[in-house]
Each structure stands twice: as structure tokens, then as C-alpha cells.
Amino acid sequence: YRFLHSLSNLGPSPEPNLTVLWSKLHPESFKQYCAKVSIDTSSIQYENDDLMRPIYGSDYAVACCVSAMRVGTDMQFFGARTNLAKLLLMVFNAGKDEIEGTLLSEPLAKACKEAGIGPDDKNKPLDYETVSKLYFDVALPWMAELYADTMNVIHYSHDVTSYEDLQMALHNSNVHHFMAFGIAGLSVVADSLAAIKYDDIYPVRDERGLTIGFERRHPEKVLPTFGNDNNHVDDIAVKICDKFHQELSKHELYKDAMATLSVLTITSNVVYGKSTGSTPDGRVMGEPFAPGANPMHNRDKNGAIASLSSVAKLPYNSCMDGISNTFCLTPTALGKKTVERPKNLVSLLDGYFGKMGHHININVLNRELLEDAHLHPDKYPDLTIRVSGYAVRFNQLTPEQREEVLKRTMHGSAIASNSHLSSIPHCECFADNPTSVDLALSPTLFDDESDVEEDPEVAPVIGSVHSLETFSSNDGPGIRCLVFLQGCSKRCKFCSNPETQCIIDPFKCPEVAMSDRDVVGVLKKYEHFLSPNDGGVTFSGGEPLLQPTFVKSVFEKAKDMGLTTCLDTSGHGNPRIWSKVLPQTDYVMLCIKGMDLKLASFISGVSEENNKRARELAKYIRDNYKNIKLSLRWVLMKDTTDTDKELKALASFAKELSPVFTHVELLPYHVLGKEKYEMMNLEYPLEGMEPYDYQDAVEVKEKLESMGVQAILADH
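Residues numbered from 1 in each chain as written. Predicted model: local features only at pLDDT ≥ 70, side-chain atom pairs only at ≥ 80, totals over all residues. Heavy atoms only, no water.

Caption draft 1: Layout of the overall build of the chain. When helices and strands are tallied, the chain shows 23 helices and 24 strands. The C-alpha extent of the chain, read off along each of the three principal axes, is 85 × 65 × 55 Å. Within the chain, the proportion of its 716 residues that are buried is 59%. When contacts within the chain are restricted to residue pairs at least 6 apart in sequence, long-range pairs at least 24 apart make up 73% of them. (Helix = DSSP H or I, 4+ residues; strand = E, 2+ residues; numbered from the N terminus. Buried < 20%, exposed > 50% of the residue type's maximum accessible area, 1.4 Å probe, protein only. Contact = heavy atoms within 4.5 Å.)

The structure is reproduced here in C-alpha cells:
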């Protein structure tokens, strides 16, 4: 506590490099304190004590950046890293450096010639089996031998000329030695090999026959990329680590050292990238690699939990020198309220280390702050961030290094993200404003790869799903899986997800089809993250009550797993529909468009009668399901929904909903979805309306509270 508290009373600092050895056995209060300090300072790294203690015993410590060693017993020889991406390019260039053209590996040159890879192959796609065999069976063994010989020479020469006898006197007599090797560009190579495997990739060569780029036959195809919990590419990354460590371990090392491997770059990922040509994954010449074990910038599109799960698969037994994961989150990604955020960060850490992840740097920052600090470094002399393996003052990084940090994925709040669905030509909408669509039981439309035990006598329930986000902390308690359903019965003017409005039959459009078993498979996959702090699954949309049978089936299975269930709805339907879903529901977030029915009709784009249903649903919950926690969502629009008349009516209605009512959630109007309308060639309904001022929202919150109604407004 005292060491960590120094970051509060002395201010954030890059030194000392503070590491918390994380264990599931730690007291919850200590975990939450660590998380709070991380959120406030971005100065702590975490390593998995439950993973390392069985190997090193209880008397070990972290040396260098992330390397575990037994105190007084182990020491480490260390030296640089292997540029695995450049090594892959040597496979395409017959053992030559792709920039200089210098022949570096004669064995690889011979093997490439025999395989037919070289200057004459530009009119045919690269063959995955051929490239993979050359890389794993020729290039990596050649590199491992050269690397081992180089390290032996370096450390023998060092001991001969500058033996550190004073430091070694502090060790035990019989010292155990590690020879710490390292790799850079892991995610680049994994993504490149996956691109070759799952698309046709053609090398583009200059007059010397060296690659200067790569072209895809099917650029419209979405390829598997590391960081999305996709085994098609994650298994390749695992294979690279295992194979390279196996090859290094074959060689005799100075002082009988044990070969270890790190996936750690510090800030050298910028330098390595600068010296490496274009790669088959789409990375261009000179572009920085991702730091350490991170996915390449902004390729981890399936959310924070999927990204963490990919990195957690990397094998510590092959990478005992450390697997560094530098993770960035916005504050609001961890929850609306400041007090909620440490609990949700603890859930993330518990889940990640429960999956046997080794290391993580936690940065909780707003991108806008980093952008301003990059342009005006003198304004932020104490701004500290975690990079790959240590903390550093942001303004002490070079401009190139700061630019690379700005390009990294910064995981934020969950949003619906499959806007391409709106352009699928054969996915026709039903009527614009249907009163009820209840999708029936039917056989699944695609292969079920989940590990859920199936009852062959019960057919899966198919839903029309827009997208699924594995990490949300703003749509119910804890960390939640957020399922955006496709189709809505309203046309709200402030809608941020217009692409979810079209109601699509999943049996005619497989792109939106998802079974209850598929969703439950995701829940089981990420149960480590979802279980703590009343986390679970939330259905949003679109309008989930358009698909009550699908929602009911998933909710039943989620409850069986011990997860909580949450319904984010605008109040579609009737008691027959509501009674299907509500018995399995723990939380309801009900969006009221306006208290005046004419205003509600104007905002929602449907009749006054239709808008009555939301209020009827609230009263139906009050009268029949007293265990449900009901909150009202209220979008603040200037001089529209923030008038005294509307707020008084809202407060009066909320008081009628006791005992199930908990609070009003205030949602200041924003324009974050505006670009989606442009992409869909739709007119933006609220053109010219400014985003709602936060201070004005604070005043609305105070007004409601003065009327005796609890109101929640997300902290900045």
C-alpha cells in the first residue's frame, strides 16, 4: 500500500518501475486499490503470480522489465531481439534483405530457389504451405543458430573484459543462468501468414526482384487478425513462439544457460518497423510494429476482452522471459461513474490472469489528452504512461514514439460496429414500423462451433443479430457481453445506430443470423470476465422485444450460468411478449423518448399510441416483477427534453414506479453516429443541433434530485 500510495502523494513517476504480482488470492480491497491507482496514474504493470509462483517458488522478483527470477539464485544474460517480420520477408526474397538486397542467409536462398519463390513468382499467389515450411523449417532454425552464437560471443566477451564481480558477490555460490532471447513483430508475422493462408497474396517486386509490397486478390474479404480471439490466426502466433524457443533450446549456451524468450520491445518496435519493408498483412514499409505481444494497431476490433484473450494464449512455457501486453482504455470504458471503474478493472485483470495471461501494462487515458500532450509536451511535464515493459514520461518519448502511441488501440465504450450490414443488397427490410416480429424456432443456419452441450431434441433459436461486443461496462452492472439485435420498431431522430433499424429475416440473410447456442458459447468463453460484480449479458438494439423468443432463450441459459441479464429497450410489444422475457430478466433499462406524447412521437418517428407502450411496460414490471431493477434512460436535447415541464413529468412518473425503479440515467445528446448516416446516404435528422453541454446536464441531474428522484450522469 505504501509503495503504491507514493504515486498519489508524490505524483505519477516512471521510476521505480512498480509491478504488482497479481493473484486470485489477494484481498478484494487490495485489488481495488491497485486498480484505482492504475486508473489515476497509468504507472503500474501487473504480472501473474499464480502462473509464476509454481515455477519460481515464493522468493522471486521481477528483474529487467518483466522477467521473473529467483532472488540470489538466478541471473540473466540478455541481448536485443529478433526482427521476425524481416525474417519473413527474407523468405520472399531468397534470403536477402528486402531493402538493401544483401544476401544474409545462404541456406534460405537455396531453399527458396528449390521452392520456386523469388523474382519470377509475381504472377502467382504465395502458397501458404510452401511459405510456412520455409519459415518454420528453414528460416527460424537458421536464425536461432545465429542468435545463439551471437549471444554466446557477447556474454563471454563481456565476462572476460568486465565481469560484474561486486554484483555477483550478492548471489548464491551456484548461480543458475538464463539466456534471454527476444522477438519483435510477432503480430505482424501472424497476420501476414494468416493473410497468405486465407486470401491470395501476390508479391510486388522492383527491378532487383525484391518485394516492395503485396496485393490481395480479395481485398473485400475480412481476414483473421491477431487480437480478436480467433484461433485461425492466434494458433499461428502460438506456433511461432513455440517453434523459435524449441530451436533456441537446441543450442549449447554460455555457462549452460537456459534459453528463455520474451515478446517485449520497449519502444524499439518503432525502430524495427522503420527498418522493415512492407509485409503481406497490409503494413507498409517503415510503419512501426505493435509493441511487445500487442495486436497491430486497431486490428483488435472485437473489443477489449477478445484482445486480452488472444494475448493470453501465448505460451509462457516458451516465453519465460515475459509476454508484454500494453493495454489502453478510456476512463468511460470502465464505467459511467468513477466509483465503478476500479471494480470493473479488477474484473478485467482477474479474467485475463485467469486465462493464464502473463503480463499487462494498464493505461487509462483519453486520446484527446494524449493528442494535446503530443502537440504541447511542455503542458504535461508529469504525464506518465506505460510502454512495453516500463513506465515513461510521455514528453520524453521522441515525436515518432509519441505518434506510435497515438496509433494504438484505445478500447472504449461498446458501440454497434457492423455498419456494412446496411449495404447487403439481399437483406430486405420488413415493414418500416411493424408491431411485432417474433422469430420462431428453426434449425441453425451455420455450423455451431461453440463448446455448449446441446440437447439434440431441442432446436436452436435463431435471432437477427447486428453485432456482439464482448466488453461493455455501461449497460448494466459489472462487465457485460452486449448483443446488438438487428431491427427496431422506432425511427428515433437521435439514433446513433441507424444501421440496426432495418428488420431483417435471418433465414433469408445469413449474415445477421445467430443462434442462442452461439451467444451462450461466447458467454462461456468469457465467463472469467463476466462473472464478477454481477456481470452478464445485455440485449440492446435495435429493439430486443421484437425478438422475445430469442432473448428469452439466451437469458434462461445465462441465468443457468450464474450471470445477470439486462434488457435495453424502448418498450415495444404487449404483455404477451413481455411475459416471455421478463421472468428471466434482472435489469431493465427503459428509454423514454418524452413525457409529452406529441414530443415523444416527434422524437421516435412513430405514433403517440406506440409511445404509450413504454410507460405500460414500466407499470407492468412494477405490478408483476418486483425483483427486476428498472432504470429510465432519458436523452437530453436542448430546449426539448430538458424543459421544466418535461422534467417534472418524468420525476412524477418515476415515483409511480416504486419499488422497482432505481434511477434516471441521463444521456446527453451527441453526434457520434452522424457519420453512419453519411455512409448510408441518409439525411441526418438533427442537422445543426449541438451536442448537449455537460454542465447543463449536471444542472438537470440536480433538478431531478431536488424533486426526489435519483439521477445518474456519466463522469467525464
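Caption draft 2: Highlighting the layout of surface pockets. In this structure, the second largest pocket occupies an estimated 570 Å³ of space. Residue lining of the second largest pocket: 23 residues in total, with Glu340, Gly476, Pro477, Gly478 and His663 positioned closest to the centre. When residues of the lining of the second largest pocket are traced back to their parent elements, those giving at least two are α12 (341–354), β21 (587–591), β22 (629–636) and β23 (661–668). Here the lining of the second largest pocket is built from residues that sort into seven nonpolar, nine polar and seven charged. (1 Å grid on protein atoms, 1.4 Å probe; cavity = no way out; pocket = protein on both sides within 12 Å on 5 of 7 lines; lining within 4 Å. Points joined across faces, edges and corners; volume = space filled by probe spheres on them. Nonpolar A, V, L, I, M, F, W, Y, C, P; charged D, E, K, R; others polar.)

Caption draft 3: Molecular detail of the environment of Lys336. In this structure, Lys336 sits in the loop between β12 (326–329) and α12. In this structure the C-alpha to C-alpha distance between Lys336 and Asp121, which are 215 residues apart in sequence, comes to 55 Å. If sequence neighbours within four positions are ignored, Lys336 has contacts with Arg341, Ser473, Asn474, Asp475, Arg633, Glu665, Ala714 and Asp715.

Caption draft 4: Molecular detail of empty space enclosed by the protein. Scanning all chains against the criterion turns up six cavities of 30 Å³ or more. In this model, the largest cavity occupies a volume close to 100 Å³. Taken together, 15 residues line the largest cavity, and the ones lying closest to its centre are Asn294, Pro295, Asp300, Thr326 and Thr409. Among the elements that take part in the lining of the largest cavity, β12 stands out by supplying three residues, more than any other. Considering only enclosed or pocket space, the second largest cavity measures out at about 60 Å³ in volume. Considering the residues around the second largest cavity, the lining is formed by Lys490, Ser570, Cys591, Ile592, Lys593, Gly594, Ala600, Asn611, Ala614 and Arg615. No other element matches helix α20 (residues 608–624), which puts three residues into the lining of the second largest cavity. Taken together, the residues of the lining of the second largest cavity break down into four nonpolar, three polar and three charged.

Caption draft 5: Representation of the sheet that holds strand β19 (residues 536–540). Across the sheet, which stays open at both edges, the nine strands sit in the order β18-β16-β17-β19-β20-β21-β22-β23-β24 with mixed pairing between neighbours. Of all the strands in the sheet, the pair left with one neighbour each is β18 (513–515) and β24 (711–713). When strand polarity is set aside, the average angle formed by the axes of neighbouring strands in this sheet is 30 degrees. Examined bridge by bridge, strand β16 (residues 462–472) and strand β17 (residues 480–485) share five bridges and lie antiparallel to one another. (Pairing = 2+ DSSP bridges. Axes fitted to C-alpha atoms, helices over the stretch in contact; angles between N-to-C directions.)

Caption draft 6: Molecular detail of the nonpolar core. Ranked by internal contacts, the top residues of the largest apolar core, which has 174 residues, are Tyr46, Tyr135, Phe181, Leu314, Leu348 and Leu632. Broken down by element, this core gets its largest block of residues, 13 residues, from helix α6 (residues 128–162). Residues contacting Tyr46, with those up to four places away along its chain left out, are Val20, Trp22, Cys34, Ala35, Ser38, Leu349, Phe353, His358, His359, Ile360 and Ile362. Core analysis: the next-biggest nonpolar cluster, separate from the first, contains 13 residues, Cys328, Val387, Phe394 and Leu406 among them. (Core = buried A, V, L, I, M, F, W, Y, C linked by side-chain atoms within 4.5 Å.)

Caption draft 7: Spatial organisation of the state of the cysteines. Taken as a whole, this structure holds zero disulfides when the rule is applied. A disulfide-free cysteine, Cys241 has its sulfur positioned 3.9 Å from the sulfur of Cys319, the nearest such atom. (Disulfide = S-S within 2.5 Å.)

Caption draft 8: The sheet that holds strand β13 (residues 359–364), seen in detail. Strand order in the open sheet made by the four strands is β1-β2-β13-β12, with mixed pairing throughout. Edge positions in the sheet fall to β1 (18–22) and β12, since each has one partner strand and no second. The mean inter-strand angle of the sheet, taken between neighbouring strand axes irrespective of direction, is 30 degrees. Pairing geometry for β1 and strand β2 (residues 44–48), over five bridges, is parallel.

Caption draft 9: Spatial organisation of the packing of α6 against helix α8 (residues 186–198). Direction vectors running N to C along α6 and α8 enclose 150 degrees, while the axes themselves pass 9 Å from each other. One way to sum up the angle between α6 and α8 is to call them roughly antiparallel. Along this stretch, α6 crosses α8, giving a crossing that reads as left-handed. Across the interface between the two elements, Tyr128, Val131, Tyr135 and Phe136 of α6 pack against Val189, Leu193, Ile196 and Lys197 of α8. Grouping the amino acids of the contact of α6 with α8 by side-chain chemistry returns seven nonpolar, no polar and one charged. (Parallel < 35°, antiparallel > 145°, perpendicular 65-115°, else oblique. Left-handed = near helix turned anticlockwise from the far one by under 90°.)

Caption draft 10: Local environment of helix α5 (residues 106–115). Along α5, the residues classified as buried are Leu108, Ala109, Ala111 and Cys112. Buried residues in α5, looked at end-on, bunch into an arc of 170 degrees, giving them a common side. Residues of α5 that are exposed and angled more than 90 degrees away from the buried face: Glu106, Lys110, Lys113 and Glu114. Looking at the buried residues of α5, the elements they touch are α4 (84–92) and α6. Its side-chain oxygen at 3.2 Å from the backbone nitrogen of Leu108, Ser105 defines the N-terminal cap of α5. (Arc of directions from axis to C-beta. Polar contact = N/O pair within 3.5 Å; in protein donor to acceptor, adjacent residues only side chain to side chain.)

Caption draft 11: Expanded view of the pairing of strand β9 (residues 211–216). For strand β8 (residues 201–205) and β9, the ladder comprises five bridges, and the chain directions are antiparallel. Along β9, the bridge assignment pairs Val204 with Gly213. Two successive antiparallel strands, β8 and β9, enclose a turn made up of five residues, where Gly209 displays a positive phi of approximately 85 degrees.

Caption draft 12: Geometry of the packing of aromatic side chains. Per the stated rule, a full pass over the model turns up 17 aromatic pairs. Relative to Tyr625, the ring of Tyr620 lies with its centre 6.0 Å away and its plane at 50 degrees, an arrangement referred to as tilted. A relative accessible area of 18% places Tyr620 in the buried class. Here a set of aromatic residues connected by ring pairs shows up, and it is made of Tyr1, Phe30 and Tyr33. Its end group placed over the ring of Phe136, Lys239 keeps NZ or CZ at 4.3 Å from the ring centre. (Phe/Tyr/Trp six-rings, centres within 6.5 Å; stacked < 30°, edge-to-face > 60°. Lys NZ or Arg CZ within 6 Å of the ring centre and 35° of its normal.)

Caption draft 13: Representation of unusual backbone geometry. Put simply, Gly541 and Gly542 share a cis peptide bond, and its omega is 10 degrees. Here Gly542 shows up in the loop between β19 and α17 (548–560). A cis geometry characterises the amide bond from Ser658 onward to Pro659, with omega recorded as 10 degrees. For Ile266, which is not glycine, the phi torsion reads 55 degrees and is therefore positive. Within the secondary structure, Ile266 sits in the loop between β10 (258–263) and α10 (268–274).

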